[in-house]
Amino acid sequence: MSNITKLYTVEEASKHNTKQDCWLILDGKVYNVTKYLDDHPGGDDVLVNATGRDAIEDFDFVGHSKSARELMDTYLIGELDPSSIPQQEDKATTTRHQQQKDQVTQKSQDSSAFNYWFISLVILVISVIAGGYLYFPSKDQ
Ligand code: HEM
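Below or above, wherever it landed, is the structure these notes cover. Here the structure is a predicted model, which means the values were calculated and not measured.

Rules and cut-offs
Residues numbered from 1 in each chain as written. Predicted model: local features only at pLDDT ≥ 70, side-chain atom pairs only at ≥ 80, totals over all residues. Heavy atoms only, no water. Donors = N, O, S within 2.8 Å, 3.2 Å for Na, K, Ca; no water. Tetrahedral: all angles 85-135°; square planar, octahedral: opposite > 155°, others 65-115°. Helix = DSSP H or I, 4+ residues; strand = E, 2+ residues; numbered from the N terminus. Buried < 20%, exposed > 50% of the residue type's maximum accessible area, 1.4 Å probe, protein only. Pairing = 2+ DSSP bridges. Phe/Tyr/Trp six-rings, centres within 6.5 Å; stacked < 30°, edge-to-face > 60°. Arc of directions from axis to C-beta. Contact = heavy atoms within 4.5 Å.

Looking at the coordination of the iron atom of the ligand
Six octahedral donors at a metal ideally form angles of 90 or 180 degrees, and four tetrahedral donors ideally form angles of 109.5 degrees.
And then number 1: For the iron atom of the ligand, the protein coordination sphere consists of His40 (NE2) and His64 (NE2), at 2.0 Å.
And then number 2: One way to put it: the six donor atoms around the iron atom of the ligand meet at angles of 86 to 179 degrees, and that makes the site octahedral. Residue His40 is located in the loop between strand S4 (29-32) and helix H2 (44-49), and its partner His64 is located in the loop between helix H3 (56-62) and helix H4 (66-75); the two are separated by 24 residues in the primary sequence.
And then number 3: A residue is classified by how much of its surface remains accessible, and His40, at 13% relative accessible area, is buried.
And then number 4: The class for His64 is partly exposed, based on a relative accessible area of 22%.

Below, the structure written as structure tokens:
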């Protein structure tokens, strides 16, 4: 097993995206698979298409064998620098979640205000009817 010492940015790792120079990012680790392209049983295109992003989900989806996982170590050249991983999507997601939360809070506040006025109106109507019976009792009694 190789020692992992070198850190690469996503940008640096993503530059190697051709059949002459192909690096993969798998679970935060960086692999130079250029020499393996011709031997990969799944073909070279699939590997070149998996560059520029962490392709561990694709790798796992294929259901690679134990020996395939052991083979990976041969091509390991380093790890991804975590600070280089773009956070934009997370920020956008957080903002979207906050907006959704705000909308729910706003709706619940609107509905509380409506309930307050509705209940007040019902009490008022009941009071008027009850008052009517008290001041104008039925002639039968
Ligand atoms: C260093 C990385 C990789 C190594 C060492 C590797 C190795 C292998 C090996 C040994 C096989 C034969 C089947 C097995 O033993 O599981 C295989 C098949 C395959 N691999 Fe990879 N692979 C790597 C990355 C990837 C990636 C990133 C993808 C997809 C995005 C991929 C897609 C496939 C496909 C589609 C097959 C064919 C499966 C089949 O026909 O049943 N591989 N790989």
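There's plenty left to go through after this.
Considering the pairing of strand S5 (residues 76-80)
And then number 1: The pairing of strand S1 (residues 7-8) with S5 spans two bridges and is parallel. Its bridge partner being in S5, Leu7 is matched across the sheet by Glu79.

Thoughts on the packing of aromatic side chains
And then number 1: In the structure shown here, the tally under the stated rule is two aromatic pairs.
And then number 2: Taking 4.9 Å as the distance between ring centres and 70 degrees as the angle between the ring planes, the aromatic pair formed by Tyr8 and Trp23 counts as edge-to-face. With Tyr8 in strand S1 and Trp23 in strand S3 (residues 21-26), the pair connects residues that are 15 residues apart, well separated along the chain. When sorted by exposure, Tyr8 lands in the same class as Trp23, which is buried.
And then number 3: Plain terms: the ring middles of Tyr36 and Tyr75 are 5.1 Å apart, the flat faces sit at 35 degrees to each other, and that makes the pair tilted. Of the two residues, Tyr36 is situated in the loop between S4 and H2 and Tyr75 in helix H4; the sequence distance between them amounts to 39 residues.
And then number 4: On the basis of relative accessible area, Tyr75 is assigned to the buried category, the value being 17%.

Some remarks on H4
And then number 1: Those residues of H4 not exposed but buried are Ala68, Met72 and Tyr75. Buried residues along H4 cover an arc of 60 degrees about the axis, so they all sit on one side. Away from the buried face of H4 by more than 90 degrees, exposed residues Lys66 and Thr74 are located.
And then number 2: Turning to H4, the residues buried within the fold contact S3, S4, H3 and S5.

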